[in-house]
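# A closer look at the structure
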Amino acid sequence: MLSTMQYVPLTVTRILTHGMTVHSNSSVTTWTGEAEPLRRSFREIGRRAARLAGALRDELGVGNSQRVATLMWNNAEHVEAYFAIPSMGAVLHTLNLRLPAGQLVWIVNHAADRVVIVNGSLLPLLAPLLPQLPTVEHIVVSGPGDRTPLAGAQAQVHEYEELLAGQPTTYDWPELEENMAAALCYTSGTTGDPKGVVYSHRSIYLHSMQVNASESMGLTDRDTALVVVPQFHVNAWGLPHAAFMTGAGMLMPDRFLQPGPLVEMIDRERPTHAAAVPTIWQGLLAELTSDPRDISCLRTVTIGGAACPPSLMEAYDKLGVRLCQAWGMTETSPLGTMAHPPAGCTAEQEWPYRISQGRFTAGVEARLAGPTGRILPWDGTSQGELEVRGPWIAGAYYGGAVSEHSRPADKFSDDGWLKTGDVGVISPDGFLTLTDRAKDVIKSGGEWISSVELENALMGHPEVVEAAVIAVPDERWDERPLAIVVLKEGSTVDGGSLKAFLGESVARWQLPERWAFVTSVPKTSVGKFDKRALRKRYADDELDIAQA
Ligand code: ADP
């Protein structure tokens with residue numbers, strides 16, 4: 001029997017029209033580095049999105065399903081693009097501005113982007129690549145920055161504000177089918193070529209509702225979210241869409257991502273929520289230590305993208321700011337888990353839950369696959385590769401303009417689950433604890449050593465700023481951990497004393513005997529420890545290794 005309910009497609013357009021009417025006075029605040037930030041209401045954002053869509057259709061000839069890329073910081077114009085492009089039936093393709101040039105070229109060509117909307121300050125990055133981007137017919141430039149790098153460009157160049165000025169503030173948004181493509185985002189390619197994940201209108205709609213749920217980020221119109229996680233990194237974890245659903249304000253740092261300006265933003269604008277990867281919070285902590293400021297306006301902070309060291313949580317607890325860990329990936333939109341402890345816990349009982357990756361949200365089904373593919377129990381000890389499925393989880397990768405979507409066997413199980421490449425355990429009450437990425441796990445004498453556990457323990461040492469652990473070949477044990485450590489300036493701690501410190505919380509056989517001290521750990525384009533780069537440094541004999 002069919003239901004008696006209406007069928008209304010779940011589309012980004014509906015999120016836009018809801019936000020700009022019901023929450024018309026909520027605002028997007030963009031940091032400008034000047035006395036006053038730029039404030040734009042949701043109503044204004046919606047009207048400008050209509051103008052942008054009009055310009056893309058009438059002036060640039062953008063049609064259904066064509067890709068419009070953005071190479072932009074987090075700012076109001078980027079939010080306008082977020083809504084205009086999918087709502088008109090085209091596909092928003094967010095480009096990661098920290099990728100190496102070769103990868104950017106590969107991605108733009110693979111996506112066959114017709115238009116790139118770019119912030120003026122990023123022209124020195126884009127302009128030299130244009131001769132290698134034959135599909136790009138139009139460049140739309142927004143915001144401050146010298147335009148001369150575009151002199152002589154083959155593509156037509158437009159000014160964002162001029163395009164908008166010539167258009168009406170309404171657009172006859174088409175009724176779209178909810179399973180159509182809305183946005184395209186490539187994984188950051190830490191494992192092989194980048195892979196394109198194509199989000200649907202439906203997946204974005206459902207994911208946004210879950211982001212807003214109180215067991216996730218719980219945003220309301222009384223909140224302002226400091227969105228540090230880039231809009232090019234998995235749709236800024238869904239925050240712009242989620243904010244338009246509930247009326248939460250957004251504070252956008254634009255290009256001012258250094259700890260100093262971030263602290264100033266918090267100090268002046270008093271956001272209640274913030275989202276960023278652990279390296280950002282490490283940087284802020286150092287800034288707050290040298291120049292203390294009250295940031296207790298932050299009611300909750302979502303931290304994810306890489307494991308959050310427990311010592312970082314403790315440090316922020318002392319500042320009155322509660323970090324809540326989340327797990328996800330480009331393929332999962334990204335929200336998969338959030339680490340709110342279950343009801344009824346004492347502060348002490350909460351701790352193991354808080355330092356886990358978190359509990360699966362409704363809409364994300366999870367299972368663990370053992371080395372032979374056997375599905376393992378949720379008993380908190382059986383360790384396997386995490387597989388997930390759900391309405392906002394990828395079921396394939398974008399094939400490119402001329403190919404079918406692909407379902408590589410190492411990424412998708414025969415019965416359609418996404419193989420995450422993350423290894424961990426799940427407790428009987430649905431909390432995930434990751435011990436490693438499959439490719440980072442250290443296989444020593446037939447046992448697995450968790451690089452994440454060693455890193456977290458090391459970063460709990462007062463003299464350690466950063467620590468990354470990788471597997472290196474060992475004749476006797478097959479693989480052993482190599483600890484690569486950044487010490488506080490002036491520290492004289494050595495491998496021996498760090499090993500003794502680790503010995504207080506880690507089993508003896510897991511303790512690294514190889515130590516390298518460096519001035520910084522290389523980071524990926526989204527700010528995570530770049531273990532591939534570290535492995536290469538090791539292979540190229542560039543690390544000075546001491547035994548302890
Ligand atoms: P990439 O895979 O290119 O690094 P993603 O941003 O999609 O790009 O990264 C997803 C991966 O990040 C996950 O598969 C997982 O390994 C890691 N990750 C995300 N959140 C966490 C977390 N809270 N703890 C540990 N690892 C995490």
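Residues numbered from 1 in each chain as written. Predicted model: local features only at pLDDT ≥ 70, side-chain atom pairs only at ≥ 80, totals over all residues. Heavy atoms only, no water.

### Some words on the overall build of the chain
Each helix and strand counted, the chain has 16 helices and 27 strands in total. Across its three principal directions, the C-alpha atoms of the chain cover 70 × 65 × 45 Å. By the burial criterion, 57% of the 548 residues in the chain qualify as buried. If you take every contact in the chain between residues at least 6 apart in sequence, the share linking residues at least 24 apart comes to 66%. Charge-centre separation for the chain: the mean point of 46 positive side chains lies 2 Å from the mean point of 63 negative side chains. (Helix = DSSP H or I, 4+ residues; strand = E, 2+ residues; numbered from the N terminus. Buried < 20%, exposed > 50% of the residue type's maximum accessible area, 1.4 Å probe, protein only. Contact = heavy atoms within 4.5 Å. Lys, Arg positive; Asp, Glu negative; His and termini not counted. Charge placed at Lys NZ, Arg CZ, Asp CG, Glu CD.)

### Details of the layout of surface pockets
Its volume calculated, the second largest pocket comes out at about 550 Å³. Within the residue set of the lining of the second largest pocket, elements represented by two or more residues are α12 (310-318), α13 (347-354), β21 (431-437) and α14 (451-458). When the residues that make up the lining of the second largest pocket are grouped by side-chain class, the tally is 13 nonpolar, twelve polar and two charged. (1 Å grid on protein atoms, 1.4 Å probe; cavity = no way out; pocket = protein on both sides within 12 Å on 5 of 7 lines; lining within 4 Å. Points joined across faces, edges and corners; volume = space filled by probe spheres on them. Nonpolar A, V, L, I, M, F, W, Y, C, P; charged D, E, K, R; others polar.)

### Some remarks on the site of the ligand
Near the ligand, the surroundings consist of 18 residues, among which Ser 188, Ala 326, Thr 330, Asp 422 and Lys 528 are the closest. Here Gln 325 contributes a side-chain N or O atom positioned 3.0 Å from a nitrogen atom of the ligand. Notes on the ligand: free accessible area 570 Å², of which the protein chains cover 94%. Of all the secondary-structure elements, those providing two or more residues to the shell around the ligand are β14 (323-328) and β21. With four residues, β14 is the largest single contributor of residues to the shell around the ligand. Residues belonging to the shell around the ligand are distributed by class as follows: six nonpolar, nine polar and three charged. (Near = heavy atom within 4 Å. Polar contact = N/O pair within 3.5 Å; in protein donor to acceptor, adjacent residues only side chain to side chain. Areas by Shrake-Rupley, 256 points an atom, 1.4 Å probe, with all protein chains shown as cover.)

### Focus on the nonpolar core
Counting residues in hydrophobic clusters, the biggest one holds 83 residues, and the most contacted among them are Phe 83, Ile 117, Phe 244, Met 250, Leu 386 and Val 388. Per element, the largest residue contribution to this core is eight residues, and it comes from helix α2 (residues 42-58). Counting residues in each nonpolar core, the second largest holds 59 residues, with Leu 122, Ile 266, Val 301 and Tyr 316 among its members. (Core = buried A, V, L, I, M, F, W, Y, C linked by side-chain atoms within 4.5 Å.)

### Overview of the sheet that holds strand β7 (residues 156-159)
Strand order across the open sheet formed by seven strands is β7-β6-β5-β3-β4-β8-β9, with mixed pairing between neighbours. The open sheet has two free edges, formed respectively by β7 and β9 (196-200), since each of these has just one partner strand. This sheet shows a mean twist of 25° between the axes of neighbouring strands, independent of strand direction. One ladder, built from two bridges, connects strand β4 (residues 91-94) with strand β8 (residues 181-186); its direction is parallel. Bridge pairing in β8 places Leu 92 opposite Ala 183. The strands touched by helix α7 (residues 201-212) within the sheet are β8 and β9, with β9 carrying the most contacts at an inclination of about 75°. (Pairing = 2+ DSSP bridges. Axes fitted to C-alpha atoms, helices over the stretch in contact; angles between N-to-C directions.)

### Regarding the domain arrangement of the chain
For an interface, size is often stated in terms of accessible area lost upon the parts coming together. Taken domain by domain, the chain consists of domain 1 (8-202) and domain 2 (440-547). Averaged C-alpha coordinates put domain 1 and domain 2 at centres separated by 40 Å. (Domains from an automatic or database assignment.)

### Considerations on the side chain of Ser 444
Locating Ser 444 in the fold gives a position in strand β22 (residues 442-444). Judged by relative accessible area, Ser 444 falls into the buried class, the value being 3%. Contact partners of Ser 444, with chain neighbours within four places excluded, come to Ile 449, Trp 477, Glu 479, Arg 480 and Trp 509.

### Quick notes on the pairing of strand β11 (residues 249-252)
Burial of the side chains of β11 extends over both faces: Gly 249 and Leu 251 are buried on one face and Met 250 and Met 252 on the other. In this structure, strand β10 (residues 224-227) lies alongside β11, joined through three bridges in parallel fashion. Within the sheet, the bridge partner assigned to Leu 226 lies in β11 and is Leu 251.

### Points about empty space enclosed by the protein
Taken as a whole and judged by the stated rule, the model has three cavities of 30 Å³ or more. Of the residues belonging to the lining of the largest cavity, the class tally is seven nonpolar, two polar and two charged.

### Overview of the pattern of salt bridges
Across all of its chains, the model carries 33 salt bridges by this definition. Among the ionic pairs, Glu 77 bridges to Arg 40, the shortest N-O distance being 3.0 Å. A residue pair is termed long-range when its members are at least 10 positions apart, and Glu 77 in helix α3 (residues 76-87) and Arg 40 in strand β2 (residues 38-41) qualify at 37 residues. Residue class for Arg 40 comes out buried when judged on its relative accessible area of 8%. When the shortest N-O distance is used, the salt bridge between Glu 350 and Arg 322 registers 3.3 Å. Of this pair, Glu 350 sits in helix α13 while Arg 322 sits in the loop between α12 and β14, placing them 28 residues apart in sequence. Taken together, the shared-partner salt bridges connect Arg 40, Arg 48, Glu 77, Glu 80 and Glu 161 into one network. (Salt bridge = Lys/Arg side-chain N within 4 Å of Asp/Glu carboxyl O.)

### Quick look at helix α10 (residues 259-269)
All of the buried residues in α10 are Pro 261, Leu 262, Val 263, Met 265 and Ile 266. Residue Arg 270 follows α10 closely and has a positive phi angle near 50°.

### A look at the packing of α3 against helix α9 (residues 239-246)
As a packed pair, α3 and α9 sit with axes 10 Å apart at the nearest point and diverge in direction by 80°. Taken as axis vectors, α3 and α9 run roughly perpendicular relative to one another. The residues of α9 that touch α3, namely those facing Val 79, Tyr 82 and Phe 83, are Pro 240, His 241 and Phe 244. Taken together, the residues of the contact of α3 with α9 sort by class into five nonpolar, one polar and no charged. (Parallel < 35°, antiparallel > 145°, perpendicular 65-115°, else oblique.)

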